[in-house]
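# Secondary and tertiary structure notes
Next come the chains, spelled out residue by residue.
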Amino acid sequence: MKVLVATSRTQGDVEGDYSFCVPGELLWITMVCDTDRLYPERGCGCGRGFGGLTSHRATTTAEVAELDITETQLRLAVTTSLTDQGWLVPETAELHHELVAETVDLIHEIAEPLPAGTIVRRWIDDFHAFQPPAPR
Ligand SMILES: [Zn+2]
């Protein structure tokens, strides 16, 4: 299936780029803080980022990758990561299945229509294929 993975490709092509993930690791669509929602130009930058499921860090560049993994394995990776990051706590156990399902669905929604190798960038809730500027 197609998923999003961290990449250093096109890093630096957009002002304010950052990349703290491990290249190749699976990404998820992280929550955006209120500051970035209200003032995306002046926020912390989380509204432009994807989260690394393994490193728990973030990057502004995601790449569509065709990986030989199953839906069950992707759900397991998301569940384990969100648990490790403290999102899935016993007090909200009845919501865990929903949160994991929404996360997995969003990954599918973004990655599935795009060819492998496409660089995806984010602006809050908007995800778009990125064309690097032509070399001068
Ligand atoms: Zn933020």
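Residues numbered from 1 in each chain as written. Predicted model: local features only at pLDDT ≥ 70, side-chain atom pairs only at ≥ 80, totals over all residues. Heavy atoms only, no water.

### Considering the UniProt feature "domain: DUF7715" (unreviewed entry) in the protein chain
Those residues carrying the UniProt feature "domain: DUF7715" (unreviewed entry) are residues 1-128 in this numbering. Secondary structure content for residues 1-128 is 30% helix and 20% strand, while the C-alpha to C-alpha distance between its ends is 19 Å. (UniProt positions renumbered as here; feature names shortened; annotations may be inferred. Helix = DSSP H or I, 4+ residues; strand = E, 2+ residues; numbered from the N terminus.)

### Digging into the packing of aromatic side chains
Per the stated rule, a full pass over the model turns up three aromatic pairs. Residues Tyr18 and Phe20 carry aromatic rings whose centres are separated by 5.9 Å and whose planes lie at 20 degrees to one another, so their mutual orientation is stacked. Under the relative-accessibility criterion, Tyr18 is labelled buried at 15%. Judged by relative accessible area, which is 51%, Phe20 ranks as exposed. Note on Trp28 and Trp87: the rings are 6.4 Å apart at their centroids and 75 degrees apart in plane angle, and the pair reads as edge-to-face. Taken together, the residues Trp28 in strand E2 (residues 27-28) and Trp87 in the loop between helix H2 (71-84) and helix H3 (93-111) connect sequence positions 59 residues apart. (Phe/Tyr/Trp six-rings, centres within 6.5 Å; stacked < 30°, edge-to-face > 60°. Buried < 20%, exposed > 50% of the residue type's maximum accessible area, 1.4 Å probe, protein only.)

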